[in-house]
Amino acid sequence: MSENKKTTLIHAGRNKEWTHGSVNPPVQRASTIVFDTVAEKHRAMVNRADKTLFYGRRGTTTHFAFQDAMTQVEGGVGCALYPCGTAAITNAILSFVQAGDHILMVDTCYEPTRDFCEVILKKMGVETTYYDPLIGEDIRSLIRPETKILFTESPGSVTMEVQDIPTLAAIAHEHDMIVMLDNTWGAGVNFSPFDHGVDISVQAATKYIVGHSDVMLGTAVTHEKYWDQLREQSYLMGQCISPDDAYLGLRGLRTLDVRLKQHAESSLTIAKWLAEHPLVDHVRHPALESCPGHEFFKRDFKGGNGLFSFVLKSSCPRATTALLDGMTHFSMGYSWGGFESLILANEPKSFNALRTVSNPDFPGTLIRLHIGLEDVNDLIADLELGLKRYQEILAEEK
Ligand SMILES: *Cc1c(COP(=O)(O)O)cnc(C)c1O
């Protein structure tokens, strides 16, 4: 694609066949598609995997528009749609493994991804080995003849380690493995998966693509080699989404670039402010040197967003509660990627229960922020007061 990504985000998926001449495609609801002739029905049957109306589960023109747009934005030849990001991850993996296989999973993966490996893959006789997100070339030592998939997520969930995807992908490809990436943080525009050796890029479109905290949605974009198998096996597992959700995913793409720029600008301002705060041990924002793998962020990413973490020098649950309970603009809530700011705290021991080979050695509580689109000065003032409440309780407890 020669045009700028910004332009692609505006035009992607808007050909007349899907829009019927309006700016946006209509929401086409359908289970049954009807045919007037045997020849028409036959044509639909033959082309049912390729953007041809056949039956609701294969999608309607609203879905086709969103699928087209996602492949134009991320690259690759096709995009499978799922009712949430977790379904995209699990179906991408399930479409390519069988009993006796082995996969390599990054230790800092999204928590439900790990639970899926431990419960579902284990039950199927597929073994998972977790690897340090910063393992680099040493990944070689974990590859076995039966290793099928290298699964990556960069930056890692909560602790934000940025992975050296091109190095890992090159080694995996020497062994005919499939390289999958949870590209939710990169949002398809800040990290171009197919330029860095990824074979299948999965996203929780729930986050930045939808961008308004009101839809659950998953996508998996793949290059030619894996498209048929991913599409057909996900179809066999019954994966499909409503046209309303496809429509909202598509609408989110139009403003993705400007939203991300504002999230990124505000989050970097706040990260730098936190880095100077006396209660803060270090900040894990990919655009700052204090984030593990920062060099890979600088080399491989085109921009940032609003999600990062920072680690306090101390762990004091009562002080943390005072900080969290009194926030004005930051709410506590899972997920991220919407227009609003969010805050969550994690005690070091809660991490150590989740990680097996890359347990972080933090002196205190980790706080994850999602910086929304509010005025950055309001957010800093809110955090300043929160850290003051924290400090007061900490002083009492000493
Ligand atoms: C939220 C999230 C998911 C899961 O997405 P859902 O739509 O909530 O199922 C997967 N990966 C990452 C990195 C996420 O943040």
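The rules behind the values
Residues numbered from 1 in each chain as written. Predicted model: local features only at pLDDT ≥ 70, side-chain atom pairs only at ≥ 80, totals over all residues. Heavy atoms only, no water. UniProt positions renumbered as here; feature names shortened; annotations may be inferred. Helix = DSSP H or I, 4+ residues; strand = E, 2+ residues; numbered from the N terminus. Rg over C-alpha atoms; globule rule 2.2 N^0.38 Å. Contact = heavy atoms within 4.5 Å. Areas by Shrake-Rupley, 256 points an atom, 1.4 Å probe, with all protein chains shown as cover. Lys, Arg positive; Asp, Glu negative; His and termini not counted. Charge placed at Lys NZ, Arg CZ, Asp CG, Glu CD. Buried < 20%, exposed > 50% of the residue type's maximum accessible area, 1.4 Å probe, protein only. Right-handed = clockwise from strand over helix to strand, strands pointing away. Pairing = 2+ DSSP bridges. Axes fitted to C-alpha atoms, helices over the stretch in contact; angles between N-to-C directions. Domains from an automatic or database assignment. Buried area = accessible area lost by both parts, 1.4 Å probe. Salt bridge = Lys/Arg side-chain N within 4 Å of Asp/Glu carboxyl O. Polar contact = N/O pair within 3.5 Å; in protein donor to acceptor, adjacent residues only side chain to side chain.

Looking at an unreviewed UniProt entry, one finds the protein chain named cysteine-S-conjugate beta-lyase, with Vibrio quintilis as its source organism. Listed in UniProt under the heading Subcellular location (unreviewed entry), the comment for the protein chain reads: "Cytoplasm". Recorded in UniProt for the protein chain, the comment headed Pathway (unreviewed entry) runs: "Amino-acid biosynthesis; L-methionine biosynthesis via de novo pathway; L-homocysteine from L-cystathionine: step 1/1."

Peer 1: Before we go on, may I ask you to explain the overall build of the protein chain in this structure?
Peer 2: In terms of regular secondary structure, the protein chain is built from 13 helices and eleven strands. Radius of gyration (C-alpha) of the protein chain: 22 Å, near the 21 Å computed for a compact globule of 398 residues. Looking at the protein chain alone, contacts between residues at least 24 apart form 75% of all its contacts between residues at least 6 apart. Split by element, the accessible area of the protein chain, about 16900 Å² in all, is 52% carbon and sulfur. Taking the 37 positively charged and 50 negatively charged side chains of the protein chain as two groups, their mean positions are separated by 4 Å.

Peer 1: Explanation requested: the pairing of strand β3 (residues 127-131) in the structure shown.
Peer 2: Walk down a regular strand and you will see the side chains alternate between the two sheet faces. Burial analysis of β3 places four of its five residues in the buried class, which makes it a mostly covered element. With helix α6 (residues 111-123) bridging strand β2 (residues 102-106) and its parallel neighbour β3, the resulting β-α-β unit is right-handed.

Peer 1: Hey, could you run me through unusual backbone geometry in this one?
Peer 2: Phi is mostly negative for residues that are not glycine, and the peptide bonds are mostly trans. Look at the link from Ser154 to Pro155: it is a cis peptide, with omega at -5°. As for its position among the elements, Pro155 is in the loop between β4 (147-153) and α7 (165-174). Phi is positive for His20, close to 55°, though the residue is something other than glycine. The residue Asp176 is not glycine, and still its phi comes out positive at about 60°. Positionally, Asp176 belongs in the loop between α7 and β5 (178-182).

Peer 1: Which parts of the structure should I look at to understand the sheet that holds strand β9 (residues 307-312)?
Peer 2: Hydrogen bonds along the backbone pair up the strands of a sheet, which may run parallel or antiparallel. Ordered in space as β8-β9-β11-β10, the four strands form an open sheet in which the pairing is antiparallel. Each of the sheet's edge strands pairs with one partner strand only, and the pair in question is β8 (280-284) and β10 (342-346). On average, adjacent strands in this sheet sit at an angle of 20° to one another, irrespective of strand direction. Alignment of β8 against β9, held across four bridges, turns out to be antiparallel. Directly across from Arg284, in β9, lies its bridge partner Ser309.

Peer 1: What's the story with the domain arrangement of the protein chain in this structure? I'm lost.
Peer 2: Accessible area lost on assembly of the parts is the figure often given for the size of an interface. Domain annotation for the protein chain reports domain 1 (5-254) and domain 2 (256-397). The gap between the C-alpha centroids of domain 1 and domain 2 is 28 Å. A buried area of about 3600 Å², summed over both sides, lies between domain 1 and domain 2, and 58% of it is on carbon and sulfur atoms. Among the residues domain 1 hides against domain 2, the three largest losses belong to Trp185, Asn190 and Tyr208. Together they make up 23% of the total. For the pair domain 1 and domain 2, the number of links is two salt bridges. Across the pair Arg299 and Asp164 runs a salt bridge, and its minimum N-O distance is 2.7 Å. Counting every contact that joins domain 1 to domain 2 gives 28 residue pairs in polar contact (both at pLDDT 80 or more). Taken together, the elements giving at least two residues each to the side of domain 1 that touches domain 2 come down to α1 (5-11), α6, β3 and α9 (243-275).

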